Amino acid sequence: MTRIYCADKLTRTDQLIKRGFAMRPLRLDSLEIFEDVVRCGGFRAAALGRGVSSSAISQSISVLEEALGIRLLNRTTRSVAPTEAGEQLLERLRPALHDIRTAIDDLNQHRESPSGTVRINAPGPAADHILCPLTFEFMKLYPDVKVEIVSDAAIIDIVEQGFDAGVRFGNQLAQDMIAMPIGPPLRYAIVASPDYLRERGRPVSPRDLLQHDCIRRRFPGGTMVTWKFEKDGEQLEIAPQGRLTLSSAHQELQAALAGSGIAHLLEDYVGDDVEHGRVIELLCEWKQTLPSWYLYYPNRRHMSAAMRAFLDYIRNQKSRPANAAFIP
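## Concerning a negative patch on the surface
No. 1: Where like charges cluster on the molecular surface, the negative patch consists of E87, D157, E160 and D176.
No. 2: By the secondary structure assignment, E160 is in the loop between strand 4 (145-151) and strand 5 (165-169).
No. 3: Judged by relative accessible area, E160 falls into the partly exposed class, the value being 44%.

Here is the structure:
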C-alpha cells in the first residue's frame, strides 16, 4: 500500500519523531545502532559487530525510544523485532544513512589509502578456498580496510542484510546485481578411507552408492543434499543413504578420514588427502563440472572506497599471468 505524506498532515510516527527531537537531541550513532539491531536480529549480534557489550546496545535503544516517545522494538527472551513504527522509521532511515555513509566515504578519495569495512556473505566452500586467500593478501595492501566474511549458504537479500557483496552460483543471482566469476569451475569428488573400502568394497557406479554408508549433509534450511553425476551425456542424481548426517564440508571430511562412510566433497577439500592416500577417490569418470563462483554486488552509483578497492584488487588478480601469483 502506498503511503502519501502531506506537509500539513504528518503521520503519527512523524509527529512523535518531531516531538522527540524537540525534547532531546538524537545522536546519529543511536539510529545506526537501531538499524544494526534489526539487521542482526538481536542485541548480542549487533554488539559483537560493534565490539561493545549487549547492555550498551540495549541502553542506546532505550534512550532512543525514550527520546522519540515510542517503542521501536518488540523484545522477547528469544528474539528482537521492529514494531510497526520501528519498521516505518527503518524504511526511511536506510536510504538516509546510506547517503550519509557514502558522503563520508567519498572523503576517502582524498586519502592515500582507502579505509572502511567490506562485508561479504558467502557459502563456506567459497569463503574457505577463494575469499579467504584473496582477503588475506588484500588486507596486507590496504591496512586501513576491515573485512568481514560471513559463511552462509542461504539465499538472502544482501542489501537488506547490510552486505556489500555476496558469493553464489550464477543461477542464484538476482537480475539487478553486477557479477563477476571468481575461481575455476568446480567439481565434486567421491571419497572414502582405505579402511572403509576394505570392509565394504568399492562402488563401481553411482547406483552402487545406495548400498553403502554415505555421509549425508543437511542444509541449514532443512534440505538434504543430493549427489549428481554425469558421464558421456548421461546424468544421474541420487539421494544418498547413511547413518551419519552432518552440516559442513569440514565435518564430512573428518568423518571420511575416520572411516565412517563415503563422502561427497568439492575437490578443494580433499586434494591433499587424496594425494597422500588418506582417502581414495571413487567414480572419477562420473564427475560433474559446475560453474565457478560469482562475486555479486548491487548496481549502485555510489560505492564505498573500500569496496571499490576490493573489486579492483580481484580484477587485477584475474588479469595476472597464471605463473605470477594466486589467481582466484
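Now that the structure is up, let's keep going.
## Some words on the packing of helix 2 (residues 28-40) against helix 4 (residues 54-68)
Any two packed helices are characterised by the angle at which their axes cross and by the distance between the axes.
No. 1: Between helix 2 and helix 4, the shortest axis-to-axis distance is 9 Å and the interhelical angle comes to 115 degrees. The way helix 2 lies across helix 4 gives a crossing that is left-handed. Note on element contacts: helix 4 touches helix 2 through I57, S60, I61 and L64, opposite S30, L31, I33, F34 and V37.
No. 2: When grouped by side-chain class, the residues that make up the contact of helix 2 with helix 4 number 7 nonpolar, 2 polar and no charged.

## Considering helix 6 (residues 124-141)
No. 1: The first and last C-alpha atoms of helix 6 sit 25 Å apart over 18 residues, in line with the 26 Å expected at 1.5 Å per residue.
No. 2: P125, A126, A127, I130, L131, L134, T135 and F138 are the residues of helix 6 that are buried.

## Considerations on a nonpolar patch on the surface
No. 1: On the surface, L28, I100 and I104 cluster together into a nonpolar patch covering about 240 Å² of accessible area.
No. 2: Its location among the elements puts I100 in helix 5 (residues 84-105).

## Quick notes on helix 9 (residues 267-275)
No. 1: Among the residues of helix 9, Y269, V270 and D273 are the ones counted as buried. Each buried residue of helix 9 lies within a common arc of 60 degrees when the element is viewed along its axis, so the set occupies one face.
No. 2: Residues of helix 9 that are buried in the fold lie against helix 6, strand 7 (186-192), helix 8 (249-257) and strand 12 (263-266).
No. 3: Looking one or two places after helix 9, you find G277, whose phi comes out positive at around 80 degrees.

## Looking at the pattern of salt bridges
Opposite charge on two side chains permits pairing when their charged atoms draw close.
No. 1: Throughout the structure, instances matching the rule amount to 14 salt bridges.
No. 2: The salt bridge involving R187 is made with E267; its shortest N-O contact spans 3.4 Å. Here R187 is found in strand 7, whereas its partner E267 is found in helix 9, with 80 residues between them in sequence.
No. 3: Its relative accessible area of 26% is what places E267 among the partly exposed residues.
No. 4: Taking the shortest distance from any N to any O, the salt bridge between R278 and D273 comes out at 2.5 Å.
No. 5: Counted as one network, the salt bridges with shared partners bring together R187, E267, E281 and K287.

## Brief notes about the environment of L282
No. 1: If you trace the backbone, L282 turns up in strand 13 (residues 280-282).
No. 2: Between the C-alpha atoms of L282 and P206, which are 76 residues apart in sequence, the distance is 9.5 Å.
No. 3: Those residues within four positions of L282 in sequence are excluded, and the remaining contacts are I190, A192, L197, R202, P203 and I262.

## A few points about the nonpolar core
Soluble globular proteins tend to pack their nonpolar side chains together in the buried interior.
No. 1: Membership of the largest hydrophobic core comes to 41 residues, with the highest contact counts inside it found for I120, V167, I182, W293 and L295.
No. 2: If one sorts the elements of this core by residue count, helix 10 (residues 305-319) sits on top with 7 residues.
No. 3: Not counting residues up to four positions away in its chain, the partners in contact with L295 are I120, A165, G166, V167, I178, A179, M180, I182, F310, L311 and I314.
No. 4: Core analysis: the next-biggest nonpolar cluster, separate from the first, contains 21 residues, V37, F43, I57 and L68 among them.

## Considering the sheet that holds strand 15 (residues 293-298)
Backbone-to-backbone hydrogen bonds pair the strands of a sheet. The strands run either parallel or antiparallel.
No. 1: As summarised here, the arrangement of the 5 strands in space is 4-3-5-15-6, forming an open sheet in which the pairing is mixed. The open sheet has two edge strands with one neighbour each: strand 4 and strand 6 (177-182). Between one strand and the next, the sheet's axes are offset by a mean angle of 25 degrees, whatever the strand orientation.
No. 2: Summarising the sheet, strand 3 (residues 116-122) and strand 4 pair through 7 bridges and their orientation is parallel. Paired with A122 across the two strands is S151, which belongs to strand 4.
No. 3: The strands that helix 6 touches are strand 3, strand 4, strand 5, strand 6 and strand 15; relative to strand 4, the one it contacts most, it runs at about 175 degrees.

Conventions adopted
- Residues numbered from 1 in each chain as written.
- Predicted model: local features only at pLDDT ≥ 70, side-chain atom pairs only at ≥ 80, totals over all residues.
- Heavy atoms only, no water.
- Patch = residues over 30% accessible without salt bridge, like charges linked within 9 Å, V, L, I, M, F, W, Y side chains within 5 Å.
- Areas by Shrake-Rupley, 256 points an atom, 1.4 Å probe, with all protein chains shown as cover.
- Salt bridge = Lys/Arg side-chain N within 4 Å of Asp/Glu carboxyl O.
- Lys, Arg positive; Asp, Glu negative; His and termini not counted.
- Charge placed at Lys NZ, Arg CZ, Asp CG, Glu CD.
- Helix = DSSP H or I, 4+ residues; strand = E, 2+ residues; numbered from the N terminus.
- Buried < 20%, exposed > 50% of the residue type's maximum accessible area, 1.4 Å probe, protein only.
- Axes fitted to C-alpha atoms, helices over the stretch in contact; angles between N-to-C directions.
- Left-handed = near helix turned anticlockwise from the far one by under 90°.
- Contact = heavy atoms within 4.5 Å.
- Nonpolar A, V, L, I, M, F, W, Y, C, P; charged D, E, K, R; others polar.
- Expected span 1.5 Å × (residues − 1).
- Arc of directions from axis to C-beta.
- Core = buried A, V, L, I, M, F, W, Y, C linked by side-chain atoms within 4.5 Å.
- Pairing = 2+ DSSP bridges.

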